[in-house]
Protein chains: 2
Amino acid sequence: MYAELHQHIKRFVYLSSEEEALLSSLLKSFSFRKKELLLNEGQVCRANYFVVKGCLRMYFIDIKGAEQTIQFAIENWWMSDHTSLQFQNASQFYIQATEATEVIAIEHHQQEELFNKLPKLERYFRLVLQKSHSAAQMRIKYLYSMTGEERYRQFAHLFPEFIQRIPQYMLASYLGFTPEFLSKIRAKK
Amino acid sequence: MYAELHQHIKRFVYLSSEEEALLSSLLKSFSFRKKELLLNEGQVCRANYFVVKGCLRMYFIDIKGAEQTIQFAIENWWMSDHTSLQFQNASQFYIQATEATEVIAIEHHQQEELFNKLPKLERYFRLVLQKSHSAAQMRIKYLYSMTGEERYRQFAHLFPEFIQRIPQYMLASYLGFTPEFLSKIRAKK
DNA sequence: CGCGACGTTGATTTGCCTCAACGATTGTGG
DNA sequence: CCACAATCGTTGAGGCAAATCAACGTCGCG
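Residues numbered from 1 in each chain as written. Chains lettered and ligands numbered in written order. Predicted model: local features only at pLDDT ≥ 70, side-chain atom pairs only at ≥ 80, totals over all residues. Heavy atoms only, no water.

Attention now moves to the relation of the copies chain A and chain B. Expressed as a screw operation, the relation of chain A to chain B combines 0.0 Å of axial shift with a rotation of 180°, fitting to an RMSD of 0.0 Å. The two molecules are tied by a two-fold rotation axis, judged by turn and shift. Interface overlap between copies is the fraction of interface residues in one copy that are interface residues in the other; for chain A against chain B it reaches 100%, indicating a shared surface. (Least-squares fit on C-alpha atoms with pLDDT ≥ 70 in both. Contact = heavy atoms within 4.5 Å.)

Bringing the packing of helix 1 (residues 3-10) of chain A against helix 2 (residues 17-25) of chain A into the picture now. All names here are of chain A. Two numbers describe how helix 1 lies on helix 2: the axes approach to 11 Å, and their chain directions differ by 130°. In this view, helix 1 runs oblique relative to helix 2, as classed from their interaxial angle. As for the relative orientation of helix 1 and helix 2, their crossing is right-handed in sense. In contact with His6, Ile9 and Lys10 of helix 1, helix 2 contributes Glu20, Leu23 and Ser24. For the contact of helix 1 with helix 2, a count of residues per class yields two nonpolar, two polar and two charged. (Axes fitted to C-alpha atoms, helices over the stretch in contact; angles between N-to-C directions. Helix = DSSP H or I, 4+ residues; strand = E, 2+ residues; numbered from the N terminus. Parallel < 35°, antiparallel > 145°, perpendicular 65-115°, else oblique. Left-handed = near helix turned anticlockwise from the far one by under 90°. Nonpolar A, V, L, I, M, F, W, Y, C, P; charged D, E, K, R; others polar.)

On to the protein's contact with DNA strand C. Contacts to DNA strand C come from 17 residues, most closely from Lys64 and Gly148 of chain A together with Lys35, Gln168 and Ser183 of chain B. Side-chain polar atom of Lys184 of chain B to a base oxygen of DNA strand C: 3.2 Å apart, as the coordinates give it. Contributing elements (two or more residues each) for the surface near DNA strand C: helix 9 (179-187) of chain A together with helix 8 (168-175) and helix 9 (179-187) of chain B. The dominant element in the surface near DNA strand C, judged by the number of residues it contributes, is helix 9 of chain B, at four residues. (Near = heavy atom within 4 Å. Polar contact = N/O pair within 3.5 Å; in protein donor to acceptor, adjacent residues only side chain to side chain.)

Looking now at the protein's contact with DNA strand D. Taken together, 17 residues are adjacent to DNA strand D, and Lys35, Gln168 and Ser183 of chain A together with Lys64 and Gly148 of chain B come closest. One of the side-chain N or O atoms of Lys184 of chain A is found 3.2 Å from a base nitrogen in DNA strand D. When contributions to the surface near DNA strand D are tallied by element, the ones reaching two or more residues are helix 8 (168-175) and helix 9 of chain A together with helix 9 of chain B. It is helix 9 of chain A that provides the largest number of residues to the surface near DNA strand D, a total of four residues. Of the residues in the surface near DNA strand D, the class split is five nonpolar, six polar and six charged.

See the structure below:
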């Protein structure tokens, strides 16, 4: 059970089979349909989600009513509003399944117990967060040094399969421009 | 010794005085003058730096030759290129002291030993990284939903003392626009 | 004192947004 | 399984926020 997650953890820390069993006892699986919300703005984030299959996105709705995508999580990535999860306060974000998605969840009330019983996981999550933080920094770097068109072309080059998977309006908001503008870039060949 | 750091760690995890002593034995202090570089683009990042007094910034130079500021670190914040530090590969960033700055450093070759001897610190750094990651996400949120002028006014409102401390061209690049534009915003009262 | 770094100001340009109208595709209930 | 609506993508005209470029002012420092 939870094989994909155990596999991923193995890349960073070693867990004995007893430890794996203990971990498994504190996890839950969930399935979400396309467009279903895992977290609503104003709600408290319930869990940290590991994507087994499918795709999640975090977004917010700006002052003009447009959805702006903060990040995506595909297979083997974690997704959560860490601030809301840790301090149990209202989130500013939505988390949504962009397609039918299976996740493994660590819920808030299990989290403390988990880290106390398996301190090795502190290391695992430290390393996972380091990677997420670096990804966010690179994102800022690209926003500050490339035009919208350049960001699209780079993204399409790096993740050709992913752009097939999500609607263009989500990709446009992730890359920091409007759907109309993306459409015009694509029209230029 | 290293009182400021011990103080900061106490906010997140408890360390006995033996543990504090062990930690201290693996730290180093450094002083940097205004404009001095702690990390150069293309170099391997040597350490994770905790700011005791002063201010650091991470930046890169874009294709047009302009410096773009990725983040600042003032007192009680950590600064490092985590990717370069962990994998010991060339960094894409510069880290510079924006004023005379004292730091406490954990160097790469001590890092593993430190985490092995004091696994509690995994938790501390996990929580520190969580905060940094959330800050980077909020940064993206603001870039996607506010104009340059709005970002400046918010920043000036939240950190009135900080805008006195750094040259305007650094603030402009942090907020995502040009020094000329910042000058024009300020001229408008 | 003189030079280089930093900040200001104005004229012009541009990347991208806004709005609107119109196809195409998807999903859903009858 | 079709009809129709809702969602999603495309295209074009016009507008605006901010960049670019250039010239000039000012201040701190060797």
